[in-house]
Amino acid sequence: LNLAARQGIGLWDIRRDGDRLALLGGGKRKLSDILIDKKVPRALRDSVPLIVMGEEILWAVGAAPGKTCAVVPESVRALVIEYQPLKEKNDAVFKG
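Residues numbered from 1 in each chain as written. Predicted model: local features only at pLDDT ≥ 70, side-chain atom pairs only at ≥ 80, totals over all residues. Heavy atoms only, no water.

Novice: Please give an account of the nonpolar core that cites residues and values.
Specialist: Counting 12 residues, the largest nonpolar core consists of Leu21, Leu31, Ile34, Leu35, Val40, Val48, Leu50, Val52, Ile57, Ala60, Ala63 and Ala64. Among the secondary structure elements, those contributing two or more residues to this core are helix 1 (31–37), strand 4 (50–53) and strand 5 (56–60). Broken down by element, the residue count for this core peaks at three residues, all from helix 1. Formed by six residues, the second largest nonpolar core is a distinct cluster that contains Ile51, Met53, Leu58 and Trp59. (Core = buried A, V, L, I, M, F, W, Y, C linked by side-chain atoms within 4.5 Å. Buried < 20%, exposed > 50% of the residue type's maximum accessible area, 1.4 Å probe, protein only. Helix = DSSP H or I, 4+ residues; strand = E, 2+ residues; numbered from the N terminus.)

Okay, structure coming up:
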């Protein structure tokens, strides 16, 4: 994520009806349509993690990056986020 593009911290969230993502190529698209095109099973669509800033979706993890915080040659700072799905709920451990 290009940190110079936004102030503040993106937080995890889950999708809501009508969510849209600003696309790298321009325009916006419904998140539900993106998840369908990526062949994410219906039962898993609500569990796709989102990196958000306020109401804006910056990244649908594993499905699509948003335009707003794309890293480009002019970027001066970037944040690398690595996502690894849990095998089981009990695997969730906070290390900080």
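Still more ground to cover, so stick around.
Novice: With reference to specific residues and values, describe the side chain of Asp19.
Specialist: Its location among the elements puts Asp19 in the loop between strand 1 (11–13) and strand 2 (20–22). At 5.0 Å, Arg16 is the nearest oppositely charged side chain to Asp19, a buried residue that forms no salt bridge. (Lys, Arg positive; Asp, Glu negative; His and termini not counted. Salt bridge = Lys/Arg side-chain N within 4 Å of Asp/Glu carboxyl O.)

Novice: An account of the confidence of the model for the protein chain is requested, with residue identities and associated values reported.
Specialist: Summarising the model, the protein chain shows a mean pLDDT of 78, and 75% of its residues fall at 70 or more. Per-element confidence in the protein chain is highest for strand 3 (residues 28–30), whose mean pLDDT is 93, and lowest for strand 1, whose mean pLDDT is 65. (pLDDT = per-residue confidence, 0-100.)

Novice: With reference to specific residues and values, describe the environment of Asp37.
Specialist: Topologically, Asp37 is positioned in helix 1. Sequence-wise, Asp37 and Ala63 are 26 residues apart; in three dimensions their C-alpha atoms are separated by 9.3 Å.

Novice: Residues and numbers for the pairing of strand 4, please.
Specialist: The two faces of strand 4 match: Leu50 and Val52 on one face and Ile51 and Met53 on the other face are all buried. Inspection of the sheet shows strand 4 paired to strand 5 by four bridges, in the antiparallel sense. Bridge pairing links Val52 to Ile57 in strand 5. The turn joining strand 4 and strand 5, which pair antiparallel and follow one another in sequence, is formed by two residues; a positive phi near 65° is taken by Gly54. (Pairing = 2+ DSSP bridges.)

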